[in-house]
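Topology and contacts: notes
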Protein chains: 2
Amino acid sequence: MLLPTITDIREAHSRIKPYIHWTPVLSSQLLNELFNCSLFFKCENFQKVGAFKFRGATNAVLSLTPEEKRRGVVTHSSGNHAAALALAARMNGVKANIVMPENAPVVKKKAVAGYGAEITFCKPTLQAREETTRMIMEKTGATLVHPYDNFNVICGQGTASLELLDEKSDLDFVIAPVGGGGLMSGTSTSVKGINKSIRVIGAEPLNANDAFISFTSGTLTPSVNPHTIADGLLTSLSELTYSIIKNNVDEIYTAKEESIIECMLLIWERMKIIIEPSSATVLAIVRENPEVFRNKKIGLIISGGNVDFRKLPF
Amino acid sequence: MLLPTITDIREAHSRIKPYIHWTPVLSSQLLNELFNCSLFFKCENFQKVGAFKFRGATNAVLSLTPEEKRRGVVTHSSGNHAAALALAARMNGVKANIVMPENAPVVKKKAVAGYGAEITFCKPTLQAREETTRMIMEKTGATLVHPYDNFNVICGQGTASLELLDEKSDLDFVIAPVGGGGLMSGTSTSVKGINKSIRVIGAEPLNANDAFISFTSGTLTPSVNPHTIADGLLTSLSELTYSIIKNNVDEIYTAKEESIIECMLLIWERMKIIIEPSSATVLAIVRENPEVFRNKKIGLIISGGNVDFRKLPF
């Protein structure tokens, strides 16, 4: 299995830089006082399509050969990756096919359609999604861009922490959320490639703790039907992301649902920025482990800001 | 009546600069495309206490004589000005007395108390508020810091557009919301003092349009019991703010409630920042008057970001 290196991530950054936002690193004196540490939030909620996913999708599209570009890309997703791939493809004149479950929220269907992608609906099962995707690949020759089990996607996601360390290099910790592990794989490769002494931490909802179990048991163990408010973190690690995380990540901590909700509210109220529940997980583990993080300098990857305002947990 | 000049505002800025945040000026390509113009949002939702009010309150506190500082300050307000004065006073070792109606929201009482102010509750009428305030002034010798009918407060509020023009000088328009007129007075003095050719526009809810009526009729005409989602803009102009606005402002436009709500949602969804309804009024008038603003460069003062998430209008 080919694992990405810091060189791959630096190359990805040069490639995608003209297309992405270099997002800001924000601080809050009030949150620093509340948690007795120095927090540096890398705000990918301000990234295009409102999530870090645009980095990986753009790198995947730009890494296609001319012939592959002509045939288009395909993915199955109802979340941020679908919108990210749709926009990245459109910006590069590539056709995007998105397979979505027929019961996906209307707002997500609209977002993807708005970026000019062709949507194919399927039954809301993993099997139906994979079969429909395979069918499209056979018919069109489109290249599959998996949301996280993809070398180029992982390299793109790693560019967020590359920028973070460029602005703030003297960190003790970098924390990123863990779902399928694409962001965590990119982040850990990036951080350890720049400075091995920075501890890299994964933040996972307790209710979807497959990465924690896999990491501590030494055996890849997917979640079964997890339920968490952090709806971007329901997916499980793949062989590829598990291998990278095993090599590079120092620790995975889990966060309780009430911590995630409380930290989401804290960031909304105090920092006046909109983040999605998945992003609050990184602050939730700081809140739950004060002895680990006291007086430390901590970089936190805020993964995105796409929220349904009609379904707020507070 | 002594009206402030650009020199007063520059002096206020030097005075308050060590205490305030120099807030960012943000743009959104998507909103620019949607409204066919270039929008530059001066984000006072990121100011301390989450609103521009901290500028005026800080300038008022720093302008006190040593003897006045010893006797403290007092104001009656249940909103952002109360929290702003409480914090500005605490940061300068000055005692703050805040008169609040007994039915003020618990969250606002807590915020003010959290900044160490002494709260005196009164019946929820203007008469009770003014009497209670007068009583405290007589008893303690505290200086009244009115939310907007105050020279030093107005000079402080004007520093937001001073910073905006420092970063982005070639604007065609600057738009600020109008409530009691403190921000509008400071903004218009500041902008016209720097560049007379920039048009200064007031944005007011149609449902609380006292400034529009006063401005167009030439007679100061307070609102009677106005109702609008923009709860920071319920107050009416004073003699002082009316005089300044009459001299400096080019036009006042009103915005419908549905425009205010739609623009608030647009900014939340697209810019991922939390703004209060009053702040959305500035974008709402751009939305309602496309022929005026097409292809123009527009600075917009986002007044604050203090929102009750349990009472969202969308």
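Owing to the predicted nature of the structure, the values given are computational and were not obtained by experimental measurement.

Let's talk about the relation of the copies chain A and chain B
The transformation that overlays chain A on chain B combines an axial shift of 0.0 Å with a rotation of 180 degrees, and the residual RMSD is 0.0 Å. Look at the turn and shift together and you get a two-fold axis relating the two. Identified as the residue of chain A closest to the rotation axis by C-alpha distance is A:I273, at 2.2 Å. A symmetric contact is evident, with 100% of the interface residues of chain A recurring at the interface of chain B.

Section: the interface of chain A and chain B
Contact with chain A, which involves 18 residues of that partner, is made by 18 residues of chain B. A per-residue breakdown of the area chain A buries against chain B is headed by A:K272, A:I274 and A:F309, which together make up 42% of the total. Inspection of the chain A/chain B interface yields six residue pairs in polar contact (both at pLDDT 80 or more). With four residues, the top contributor of residues to the side of chain A that touches chain B is helix 13 (residues 257-271) of chain A. Of the residues belonging to the side of chain A that touches chain B, the class tally is nine nonpolar, five polar and four charged.

Section: unusual backbone geometry
Notably, A:N36 is not glycine yet its phi reads approximately 55 degrees, a positive angle. Considering the arrangement of structural elements, one finds A:N36 in the loop between helix 2 (29-35) and strand 2 (38-43). Assessed through its relative accessible area of 43%, A:N36 is described here as partly exposed. Positive phi values are uncommon outside glycine, yet B:N225 reaches one of about 50 degrees. If you trace the backbone, B:N225 turns up in the loop between helix 11 (210-217) and helix 12 (239-248).

Describing the pattern of salt bridges
If you walk through the whole model with that rule in mind, you get 28 salt bridges over all chains. Across the salt bridge formed by A:D250 and A:K192, the nearest N and O atoms sit 2.7 Å from each other. On the criterion of sequence distance, the pair formed by A:D250 in the loop between helix 12 (239-248) and strand 9 (251-255) and A:K192 in helix 10 (residues 182-194) is long-range, its members being 58 residues apart. Across the pair B:D308 and B:R310 runs a salt bridge, and its minimum N-O distance is 3.5 Å. With relative accessibility at 32%, the residue B:D308 sits in the partly exposed group. Salt bridges linked by common partners bring A:K42, A:E44, A:R55 and A:E163 together as one network.

A word on the environment of B:F46
Along the polypeptide, B:F46 turns up in the loop between strand 2 (38-43) and helix 3 (53-62). The exposure class assigned to B:F46 is buried, which follows from its relative accessible area of 19%. Considering only alpha carbons, one finds B:F46 and B:S303, 257 residues apart in sequence, at a separation of 9.4 Å. In contact with B:F46, other than residues within four places in its own chain, are A:M271, A:K272, A:I273, B:H21, B:T23, B:P24, B:L26 and B:I273.

A closer look at the domain arrangement of chain A
Residue and element names in this part refer to chain A. Structurally, chain A comprises domain 1 (6-51 + 152-311) and domain 2 (54-150). One C-alpha centre belongs to domain 1, the other to domain 2; they are set 24 Å apart. Listed by partner, the interface residues are 33 residues for domain 1 and 21 residues for domain 2. Counting each side, the surface lost to burial between domain 1 and domain 2 is near 2100 Å², with a carbon and sulfur contribution of 58%. Across the domain 1-domain 2 interface, the total number found is two salt bridges. Our count for the domain 1 to domain 2 interface comes out at 16 residue pairs in polar contact (both at pLDDT 80 or more). Where the side of domain 1 that touches domain 2 is concerned, the elements lending two or more residues are helix 1 (6-16), helix 8 (151-157), helix 9 (159-167) and helix 12.

What counts and how
Residues numbered from 1 in each chain as written. Chains lettered and ligands numbered in written order. Predicted model: local features only at pLDDT ≥ 70, side-chain atom pairs only at ≥ 80, totals over all residues. Heavy atoms only, no water. Least-squares fit on C-alpha atoms with pLDDT ≥ 70 in both. Contact = heavy atoms within 4.5 Å. Buried area = accessible area lost by both parts, 1.4 Å probe. Polar contact = N/O pair within 3.5 Å; in protein donor to acceptor, adjacent residues only side chain to side chain. Helix = DSSP H or I, 4+ residues; strand = E, 2+ residues; numbered from the N terminus. Nonpolar A, V, L, I, M, F, W, Y, C, P; charged D, E, K, R; others polar. Buried < 20%, exposed > 50% of the residue type's maximum accessible area, 1.4 Å probe, protein only. Salt bridge = Lys/Arg side-chain N within 4 Å of Asp/Glu carboxyl O. Domains from an automatic or database assignment.

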